[in-house]
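As a plain string of letters, each chain reads:
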Amino acid sequence: MRRSASLQRLLIYGLSGPIIALNVWLLSVLFRYFQHPITVLSIATILAFLLNYPVKFFERAQITRTQAVIVVLLATLTLLGILGVTLVPLIIDQTIQLLNKIPDWLTASQANLEQYEMLAKQRRLPIDLRVVSSQINANIQNVVQQLASGAVGFAGTLLSGLLDVVLVIVLAFYMLLYGDRVWYGLINLLPSNIGDPLTTSLRLNFQNFFLSQLLLGLFMVLTLTPIFLVMKVPFALLFAILIGISELIPFIGASLGIGLVTILVLLQNWWLAVQVAIAAILMQQLKDNLLAPRLLGNFIGLNPIWIFVAILMGFEIAGLLGTLVAVPIAGTIKGTFDAIKSGKPSDFVSTVTIAHDPPPD
């Protein structure tokens, strides 16, 4: 009897690995086949999660949900319009200038490396920087060429991008109005001991996670922009926004953004690059130690190792989009299983509480 149970357990564990690998491969194939609609739908869902907070706020003012959604949507469109007229042209202009400057920076960095190598030879130090510099220059030039080729086709894809933006806004509008009805229609197909914790865990992880990451990224942009301007960093606004956007990638994004900005500044001025790295790391530590614990808390509850595994798997399946949603999806799965295991669907929710509307009639 014991041998039979052990053999059954061994078969379950042995087959789980290939089954998981097969499911990951199938998900990656499905995403590549339906990449565009999945991307649009995912962005609209994230936007609906974020806008649900102000919608709840206006609902407390004794107005209907439809009126609250319309008010929030109009305010969002107004804000996007203001940013599109003021900030976006400035970012595009700085990006074009940066692409034009990088070849000159590469030439200057090559000359600096040659000087360092001559000093090393004078002091009889066995240092050869030519191979390292050539590899760095080749990699950077390859990235610049890819960005330049993408910029050439930017005008051709602008109309398609605008249509996607309109589609995302329309989908988010209908999700805010009828998303609960659709979700409860699907979730009612599952047993209540699974559907209820899944609903709560999904709201908890996605809604709070993306709102927190957005606020943390905004903090990095607002604090680094004046610092970079005082330090006279070239393309200060663009570099600060690049670090802020990279913050959307959880746990490793800010470090990647700071590293990329430091390398770009290093091509022009090594001492300025050191100052940029120090300032950005100080702001990152301030964010991680003071703001992030208050915003994120521990509602995801994942081990850091599993977080990195989830990010890598998400990138392999769906690229950048998979990287952004990997951690909240993993947190949703863990929270659901913890609630099912405990038998008390509300026990896994941390101190962060989410308003939960009943399904409409």
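All values reported here derive from a predicted model rather than from experimental measurement.

## Description of the UniProt feature "transmembrane region" (unreviewed entry) in the chain
Line of reasoning, step 1. Annotation from UniProt places "transmembrane region" (unreviewed entry) at residues 12-31, 37-55, 67-92, 151-177, 209-229, 235-256, 263-285 and 305-327.
Line of reasoning, step 2. In the segment residues 67-92, helix accounts for 100% and strand for 0%; the C-alpha atoms at its two ends are 36 Å apart.
Line of reasoning, step 3. A helix fraction of 100% and a strand fraction of 0% characterise residues 305-327, whose end C-alpha atoms lie 12 Å from each other.

## Describing the confidence of the model for the chain
Line of reasoning, step 1. Residue-level pLDDT values for the chain average 77, and 73% of them are 70 or greater.
Line of reasoning, step 2. The least confident element of the chain, judged by mean pLDDT, is helix α4 (residues 130-152) at 59; the most confident is helix α7 (residues 236-246) at 91.
Line of reasoning, step 3. Considering only residues more than four positions removed or in separate chains, one finds that residues 345-361, a stretch of pLDDT under 50, has 36 contacts.

## Here we look at the packing of aromatic side chains
Line of reasoning, step 1. Summed over all chains, the structure comprises 7 aromatic pairs.
Line of reasoning, step 2. Taking the centre distance of 5.4 Å and the plane angle of 75° together, the rings of F173 and Y174 count as edge-to-face.
Line of reasoning, step 3. Y174 gets classed as partly exposed once you look at its relative accessible area, which sits at 44%.
Line of reasoning, step 4. In textbook terms, an aromatic cluster arises when at least three aromatic residues are bridged by ring pairs, as seen for F173, Y174 and Y178.

## Looking at the environment of L222
Line of reasoning, step 1. The topology assignment puts L222 in helix α6 (residues 192-230).
Line of reasoning, step 2. Distance in space between the C-alpha atoms of L222 and I241 is 8.8 Å, their sequence separation being 19 residues.

## Some thoughts on the packing of α7 against helix α8 (residues 253-266)
In a packed pair of helices, the relevant descriptors are the angle between the two axes and the axis-to-axis distance.
Line of reasoning, step 1. Contact geometry for α7 and α8: axes closest at 7 Å, N-to-C directions at 155°. In terms of their interaxial angle, α7 and α8 are classed as roughly antiparallel. Handedness of the crossing formed by α7 with α8: right-handed. Residues F239, L242, I243 and S246 of α7 lie in contact with α8, whose contacting residues are G253, A254, G257, I258, L260, V261, L264 and V265.
Line of reasoning, step 2. The class makeup of the residues in the contact of α7 with α8 is 9 nonpolar, 3 polar and no charged.

## Observations regarding unusual backbone geometry
Line of reasoning, step 1. In the Ramachandran plot, K232 falls in the positive-phi region, its phi being about 60° despite a non-glycine side chain.
Line of reasoning, step 2. Mapped onto the elements, K232 comes out in the loop between α6 and α7.
Line of reasoning, step 3. The class of K232 is exposed, set by a relative accessible area of 70%.
Line of reasoning, step 4. Despite not being glycine, F235 shows a phi value in the positive range, around 55°.
Line of reasoning, step 5. Within the secondary structure layout, F235 lies in the loop between α6 and α7.

## Some points on the pattern of salt bridges
Line of reasoning, step 1. All told, the structure shown has 3 salt bridges when counted by the stated rule.
Line of reasoning, step 2. Across the pair R65 and E59 runs a salt bridge, and its minimum N-O distance is 3.2 Å.
Line of reasoning, step 3. Judged by relative accessible area, which is 19%, R65 ranks as buried.
Line of reasoning, step 4. In this structure, E247 and K287 form a salt bridge, with 3.2 Å as the shortest nitrogen-oxygen distance. Residue E247 is found in the loop between α7 and α8, and its partner K287 is found in helix α9 (residues 270-296); the two are separated by 40 residues along the sequence.
Line of reasoning, step 5. Accessibility expressed as a relative area gives 5% for E247, which makes it buried.
Line of reasoning, step 6. K287 sits in the buried class, given a relative accessible area of 2%.
Line of reasoning, step 7. Each of E247, K287 and D288 takes part in one network of salt bridges that share partners.

## Looking at helix α10 (residues 304-342)
Line of reasoning, step 1. The terminal C-alpha atoms of α10 lie 23 Å apart, and with 39 residues this falls more than 12% below the ideal 57 Å at 1.5 Å per residue.
Line of reasoning, step 2. Roughly 145° is the biggest bend found in α10, and it falls at A318.

What counts and what doesn't
- Residues numbered from 1 in each chain as written.
- Predicted model: local features only at pLDDT ≥ 70, side-chain atom pairs only at ≥ 80, totals over all residues.
- Heavy atoms only, no water.
- UniProt positions renumbered as here; feature names shortened; annotations may be inferred.
- Helix = DSSP H or I, 4+ residues; strand = E, 2+ residues; numbered from the N terminus.
- pLDDT = per-residue confidence, 0-100.
- Contact = heavy atoms within 4.5 Å.
- Phe/Tyr/Trp six-rings, centres within 6.5 Å; stacked < 30°, edge-to-face > 60°.
- Buried < 20%, exposed > 50% of the residue type's maximum accessible area, 1.4 Å probe, protein only.
- Axes fitted to C-alpha atoms, helices over the stretch in contact; angles between N-to-C directions.
- Parallel < 35°, antiparallel > 145°, perpendicular 65-115°, else oblique.
- Left-handed = near helix turned anticlockwise from the far one by under 90°.
- Nonpolar A, V, L, I, M, F, W, Y, C, P; charged D, E, K, R; others polar.
- Salt bridge = Lys/Arg side-chain N within 4 Å of Asp/Glu carboxyl O.
- Expected span 1.5 Å × (residues − 1).
- Bend = angle between axes of the 7 residues up to and from the residue.

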